[in-house]
Each structure stands twice: as structure tokens, then as C-alpha cells.
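Given next are the chains, with one letter for each unit.
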Amino acid sequence: MGAEQEQEQLEKEKEQDEDEDTMDRGYNLNDNVDILAEIMARLDGRSLAVAACVCRLWSTVCKQDRVWEALCDRHVIGGAGDPGTRSVVAALGGYRRLYRLCLGPALDRLTCSGETTDSDKQGWAHLSLSLSLSLFSIDCYERLEGKQRPASLLFLCKPVNVA
Amino acid sequence: MKREYPDSGTSSSGEVAPKGKLPASAPPSEEDVDELLAALGYKVRSSDMADVAQKLEQLEMAMGMGTAASTAPVSDDMAFFPETVHYNPSDLSTWLDSMLSELNTPPPPLPPPPMPPPPSVPSFAPAESSSVNFDPNLISQSDPSRERKRMRTGSGSGSCSSSSSSSLGRGGAGTTIGSESIEPAPVATPALPVVVVDPQEAGVRLVHALMACAEAVQQDNLKAADALVKQISLLSSSQGGAMRKVATYFSEALARRIYRLRPPVGPISDPSTFDSFADLLHMHFYETCPYLKFAHFTANQAILEAFAGCKRVHVVDFGIKQGMQWPALLQALALRPGGPPSFRLTGVGPPQPDNSDALQQVGLKLAQFAHTIRVDFKYRGLVANSLADIEPYMLEDESGDGEPEAVAINSVCELHGLLARPGELDKVYHTVQKVKPKIFTVVEQEANHNSGSFLDRFTEALHYYSTMFDSLEGSNGSPTEPPSPGQPDQVMSELYLGRQIFNIVACEGPDRTERHETLAQWRRRFSQAGFDPVHLGSNAYKQASTLLALFAGGDGYRVEEKDGCLTLGWHTRSLIATSAWRVMAA
């Protein structure tokens, strides 16, 4: 008897909660981190960086390397997906670093030097995997020495004359 | 030409001609002062315009041909005309008379008095061209005077337009020279850009002076050469940008040759700092411009393709320096299908004067890197004064177990130094043949700086380094930008090239190690020595093109494929070439 009553009471409370839920909150993305990560994986670099500033949860999700891996894979031609690549990139510093130091500036430069500054033009800019990783590895090598200013990738960041 | 148009008062070809507007603007009369010049602070009677123009031309010629008494900057101008007392410089006519009266004492070459273009130039241009028959030269100058046409000498063309745009754009810097040189001639409106001297004319004169000086040196006419060198340094101060820097380096190199200052004195030549400084400059050159990166990437691609399927590989680097070429190759080998091979590297380097083991340090760094990406790595450093000292046994595989090694030999700008001493290149060829590499990648400058005649070498070098300096300017954005953090890099890179210039021009015999030769010449040498060319594939070409697109100013760089070799150049001029060779099948 007691158990039934308890169960009834529980169900009632649950119903009340659910009513409250559907009335107040609805479905919250932040409860489903996996889906959040999936969405983040489809963003471009800038949006991803902006998203990382929204709140702590989003920042944690956006810092995951697999999100940046998905981004890099989209802009790189070559066997980006295979596990061998993944381990090498991880050893060199990770995809997020690869994008920040090398792929991002390079893509900016490539789209900048093209005539249009269309934002979706960037979706079409490509770099070969070997080139981007080569540049990344040179930078990683320079940092091994503990250099204050590893400079081999600076050429990507210098202001472009857009006159 | 001036006689025919007394009213328009066309000036010499060296000046901007504001006076052509006269017929359209004010009716000439005895007392009438030219309005346009008056707005600038000069009082010149319209009727005197032709005479004034002629005197200006005479003055300019006298200055241009005079031998310089000193190479002091032109700010100390009043000392050059000590006898003359100037009154009322805005009365241009009398001022010119007094200047010309000093023609007996050879006046030092000063830039001609600044003639600021009147602001109304563009609007009057159409009237100008219709009223009188100007020669095209003049039209091109008074018509948007802000944009200068390219220099007539081919190689300097790029540099002149960039230098002239820099001298106009950097109006402030340009004005200081102008205003300092002729102090008594005030510019009424300081905001107007002052064109000191027509860069086009001065540029042509500069090149002629350089050539004349080189010719004098070749004929051993050292007095004339000396005089010309001083003139060059003054002329080059009127230029801007790349042309000025090139001229400065070449004139200093000529001066060193004339005064027999070999090896060059200064901190650069100090033996104890020589090599570390050279390495530093090399690193800055590597970072600033794409030539070395291009070389490394294309050579690595060729080596990677040659090593396909090999389980044990050995790379010999004839000039390892900082080892910047190898991380990329190690990474590529780590990613190749089938996994990385076991990798051995032999790095050759010169002996270090301070007994530090630079080769070993490079090896340690590379080993650390290889460890990170899990490639089996072994390193050996070879210290050698010259590549000819290397014997085949030094490159042998000591472990000698199991599978034979696949060997690749790599030389980036190291072979031309061997031409300084007879027989050394042949010895190296012999050694390479003995080692039997799968591939021998060679990168060399694409220029002929090794001909017997000094004048030919000089001319070639002038064209080559002008283009190089142009590309450095071009890749660092427009000159009107504020100095970016990359500026010191550019200066270091220029110094790196400058040392090559000093070597080519000022040294002779075994000291002259920068004996660049063209791709065609190297091809002949390699064929005679028993090597077959290996074609660099389209992969290398594509990689190189993308790499260059990443460099600022990337549209100036050109990758070209020539018979299986790749060259990188600036606009139409190839500057560096990568080729690959293998030993001819017996």
C-alpha cells in the first residue's frame, strides 16, 4: 500500500516537474554535450573561437581537439582522417594548434589574396595536408629549442597589402 | 625645344613642368609674375620662364657631372657653395645666376632645387597637351606627376616604380632631403610633397655610373673608378627603396675592390663571429622570403618520392646549418602509407671557430623532433672545411645489417663554392658516384656570376640582386605602411644578400666563393660527370605554388617548370632552381 502511494506520489511529482519543464525550459542543448560537439564541429574557425567565449561549458567543448580536427579536415585535401595522421598531429601539438598557427592564417591569406572577401569563399580554400603539416612541423621544431619567437610561420601573419 | 615656346617655358627633361599651364591661366606681360609659382613662393616673371628653365638645366648638368668632394649627406648644403651669398631666393632667376656663377669650382652633385608640382597639375594636363607639342617624356612627367613611369633599364623597372612611389608616398621623408638641400628656397605650403629630383633620370644616371665604375675597375683605371664611386653614393641617396639599397651595396663592394680591402673589414669579417653571424643572417633570410623554403620543399618532395618503399634511408646534407629542411621530411615519412622508415642523417658543416659543436646541437634537436613523431632516427655530424674533403667511407653505413640503405644527397647552394678551387667539384662528383645515391637534389641560384670578365659578372649580378631586392620589398607590403615587426628581418635578409654581393664584386681567386652558375651550365656539368636528370613531379610543383600563394606579395613570385627542374622567380626573372639527379646507369 505504502509503496503504491509512494509511487503515485512520485509520478505526480514527476508530472508536475515535467509540466514545469515544458512550460519553463523545454529542451536544453547544454544538457547534451555530444550534440553540442557535433554542432561545433561544423563551425568555421572564427565562429568556433567566438563560441568558446560564451560560457564555461561551451569553452570546454570547443577546446576538444576533435572539433578542430573536423574543421581542419574540411580544409585540407589528403588523407586527413586516418589514425596515423591523428597521432602525428597530436604529437606535434594537436589540431587546435595546427589551425591556430598554420591552417587558419594560411586560409585567411589564400582567401584574402583572391579577389573576393566572401565569407563562404573560405569554405573552398584548401591546403594540401602535406604542406600544412610541413609548415606545422617546422614551427614545432623551432619551438623545441625554447625560442622566444619562433618565426618560421610569421610570413603567414604579416599584413597583406590590400591596397 | 625651349626656344620654340618662350611663353610656356618648358624646362629640361629633369623637371616637372608647371610652366606649361601659363598660356591657359594668365596672359603674359612684363610685370606679371607667374601665378602658379607665386603660390609656391617663387617670383619668376613669365617672360623669364624660358631662361630660368635653361639655367636650371645647366645647373643640373653641372651638378650631375661634378665630382663629389665628400660623401656627406646633402643636409650640409651651404658648405658646398661657400662663395655665394644668397639674397631673396624666391627670385629664382637671380638665385640661379648666383649658383651658376660658381660653376668654376666643380660643384658637388646636389639634387636640383625642388620644384613642387602645383596642385593644379592634373586639371591643366589636357590643356597642356593640346596647346603645345611636348615630347612624350615631358607629358609623362607633368601628367599625374605622382606616378612615375618605369625606368628604361629592364631590371630596375620594378624597383624604380616602387622606389618612386615610396618617395612620393613617404612625402615626409622625401621632403626632408629636398628642404635640407636648398635651405634658402622655402616651400610655401609644407604639406605639398616635394619631389627632389626625378627618380627616373637619376635612376638611369645611377645605373650608368655603376656600369662606368665597373668598367673603370676592369680597365684598372682606379682614379676614375674612385671618383665614380663617390658620385654613385650621392646619386643613390636620391633614390628610394630597393634601388637605393642595391646601389649602396654595389658601390660599397666596388669601393672595397678599389681599395683592396679584402677580406672585407668590419664586424662581418671578424673571423671569430663570422660563422655565427652568417648563420643568423641565413635564418632571417629563410624566414623573410620564400626562396629557401621553396628549395627545401621541392627537394624534400623529390627525396620522398625516391624513398618510396625503402625501409632504411640515409640522407646526406652537404650544408646542414640549422637543419630546417628536415622536420618536414621526417613528418612526411611518418605519415607515408606503410609507416616511417628508419632514418639516418649525416650533416656536413664547416668547423666552428669557437669550438662549439653546432652540428651536434642540430642533431640533438632533430633527434628530439623525430622522437616526438616516433620516427627511428640516427644522426652523424661531419665537420669539413670543404665538401671535397668528404670521402665515401665517411658516409658508409656502420651497422651494415640487413637491408641496404637508400641514400639521398642534398645540396642547397653549396656546390657553387667548389668552383673557386679547381678540381674540387670533380672530387665531389667522384665521391657521390661512389656512394650511389638514389637521388642527388641540387638547389642553386639561377644566374651566371662566374664568367671570366669582371664587367659581365658585375652586370649580371646587378640585374640579379636588383630583382632579389625588389622581391624583398614587394613581399613586405607597401612602403607606406608603418614599420612592421618584420622590418629587422628584411634588413638582415638584405645584409645576407649584400655579403654575397661583396664577395662577387670585391673578391677574386679562391676567395670568390659565390660563383653562381645557371641551370643550363649545371646541367652540362652534371651530364659530363655521368648523371641523369630526375624529373620533379607535379606534386612538387603544386606544393610550391601553394606555398608561394601564402607569401604576401605572392603574385609577384612565379614557379616554373623547365625540363623537369623547378625554378622560382620574381615576375619574369628566375632566381633559384631546384634539380634532381641520379647516377647514370652504367
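Residues numbered from 1 in each chain as written. Chains lettered and ligands numbered in written order. Predicted model: local features only at pLDDT ≥ 70, side-chain atom pairs only at ≥ 80, totals over all residues. Heavy atoms only, no water.

- Per an unreviewed UniProt entry, the recorded name for chain B is DELLA protein, and the organism is Rhynchospora breviuscula.
- According to its UniProt record, chain B has this under Function (unreviewed entry): "Transcriptional regulator that acts as a repressor of the gibberellin (GA) signaling pathway. Probably acts by participating in large multiprotein complexes that repress transcription of GA-inducible genes."
- Entered under Subcellular location (unreviewed entry) in the UniProt record, the comment concerning chain B runs "Nucleus". (UniProt positions renumbered as here; feature names shortened; annotations may be inferred.)

- For chain A, the name recorded in an unreviewed UniProt entry is F-box domain-containing protein, with Rhynchospora breviuscula as its organism.

1. Remarks on the overall build of chain A
So, point 1. Within chain A, the secondary structure is distributed over nine helices and two strands.
So, point 2. Starting at the N terminus and walking to the C terminus, you meet the elements of chain A as α-α-α-α-α-β-α-α-β-α-α.
So, point 3. Buried positions account for 37% of the 163 residues belonging to chain A.
So, point 4. When contacts within chain A are restricted to residue pairs at least 6 apart in sequence, long-range pairs at least 24 apart make up 61% of them.
So, point 5. Total accessible area on chain A stands at roughly 9700 Å², and carbon and sulfur atoms take up 52% of it. (Helix = DSSP H or I, 4+ residues; strand = E, 2+ residues; numbered from the N terminus. Buried < 20%, exposed > 50% of the residue type's maximum accessible area, 1.4 Å probe, protein only. Contact = heavy atoms within 4.5 Å. Areas by Shrake-Rupley, 256 points an atom, 1.4 Å probe, with all protein chains shown as cover.)

2. Some thoughts on the nonpolar core
So, point 1. Core analysis: the biggest nonpolar cluster contains 134 residues, and Phe 250, Tyr 291 and Phe 343 of chain B have the highest contact counts within it.
So, point 2. Built from parts of two domains, this core gets at least three residues from each of domain 1 (13–63) and domain 2 (65–140) of chain A.
So, point 3. When sequence neighbours within four positions are dropped, the list of residues in contact with Tyr 291 of chain B reads Phe 285, Met 468, Ser 471, Tyr 557, Leu 568, Trp 570, Leu 575 and Ile 576 of chain B. (Core = buried A, V, L, I, M, F, W, Y, C linked by side-chain atoms within 4.5 Å. Domains from an automatic or database assignment.)

3. Regarding the pattern of salt bridges
Residue and element names in this part refer to chain A.
So, point 1. Summed over all chains, the structure comprises 16 salt bridges over all chains.
So, point 2. Ionic pairing is found between Arg 46 and Asp 108, a salt bridge with its closest N-O pair at 3.2 Å. Of this pair, Arg 46 sits in helix H3 (residues 45–51) while Asp 108 sits in helix H7 (residues 95–113); the two residues are 62 residues apart in sequence, bridging distant segments of the chain.
So, point 3. A relative accessible area of 28% places Asp 108 in the partly exposed class.
So, point 4. Residue Arg 143 pairs with Asp 139 through a salt bridge whose shortest N-O separation is 2.7 Å. (Salt bridge = Lys/Arg side-chain N within 4 Å of Asp/Glu carboxyl O.)

4. With respect to the packing of helix H6 (residues 83–92) of chain A against helix H8 (residues 129–144) of chain A
Helix-helix packing is described using two parameters, namely the angle between the two axes and the distance between the axes.
Residue and element names in this part refer to chain A.
So, point 1. Remark: H6 packs on H8, axes separated minimally by 10 Å, with the N-to-C direction vectors making an angle of 30°. Compared by their axis directions, H6 and H8 come out roughly parallel. Between H6 and H8 lies a crossing of left-handed hand. Here Thr 85, Val 89 and Leu 92 of H6 lie close against H8, whose contacting residues are Leu 129, Leu 133, Phe 136, Ser 137 and Cys 140.
So, point 2. When grouped by side-chain class, the residues that make up the contact of H6 with H8 number six nonpolar, two polar and no charged. (Axes fitted to C-alpha atoms, helices over the stretch in contact; angles between N-to-C directions. Parallel < 35°, antiparallel > 145°, perpendicular 65-115°, else oblique. Left-handed = near helix turned anticlockwise from the far one by under 90°. Nonpolar A, V, L, I, M, F, W, Y, C, P; charged D, E, K, R; others polar.)

5. Points about the interface of chain A and chain B
So, point 1. Facing the 33 residues of chain A at the interface are 35 residues of chain B.
So, point 2. Where chain A abuts chain B, roughly 3000 Å² becomes buried across the two surfaces, and 68% of that area is made up of carbon and sulfur atoms.
So, point 3. Summed over the shared surface of chain A and chain B, the number is zero salt bridges.
So, point 4. Our count for the chain A to chain B interface comes out at three residue pairs in polar contact (both at pLDDT 80 or more).
So, point 5. Looking at the side of chain A that touches chain B, the elements that each hand over two or more residues are H6, H7, strand E2 (127–128), H8 and helix H9 (154–157) of chain A.
So, point 6. It is H8 of chain A that contributes the most residues to the side of chain A that touches chain B, eleven residues altogether.
So, point 7. Of the residues belonging to the side of chain A that touches chain B, the class tally is 17 nonpolar, ten polar and six charged. (Buried area = accessible area lost by both parts, 1.4 Å probe. Polar contact = N/O pair within 3.5 Å; in protein donor to acceptor, adjacent residues only side chain to side chain.)

6. A closer look at the UniProt feature "domain: F-box" (unreviewed entry) in chain A
So, point 1. The positions that UniProt labels "domain: F-box" (unreviewed entry) are, in the present scheme, residues 34–73 of chain A.
So, point 2. Between the end C-alpha atoms of residues 34–73 of chain A there is a gap of 19 Å, over a span that is 75% helix and 0% strand.

7. Remarks on the side chain of Thr 298 of chain B
Residues and elements named next belong to chain B.
So, point 1. Residue position: Thr 298 is located in helix H13 (residues 290–306).
So, point 2. You can call Thr 298 buried: its relative accessible area is 1%.
So, point 3. Residues in contact with Thr 298, not counting those within four places in the same chain, are Leu 536, Ala 540, Ala 544, Leu 566 and Thr 578.

8. Thoughts on the pairing of strand E2 (residues 342–349) of chain B
Residues and elements named next belong to chain B.
So, point 1. Burial analysis of E2 places seven of its eight residues in the buried class, the great majority of the element.
So, point 2. Direction of pairing for strand E1 (residues 312–317) relative to E2: parallel, over a ladder of six bridges. Bridge pairing in E2 links Val 313 to Phe 343.
So, point 3. Viewed along the sheet, the connection from E1 through helix H14 (residues 326–335) into E2 turns out right-handed.
So, point 4. Where E2 lies against strand E3 (residues 377–383), seven bridges are found, and the strand directions are parallel. (Pairing = 2+ DSSP bridges. Right-handed = clockwise from strand over helix to strand, strands pointing away.)

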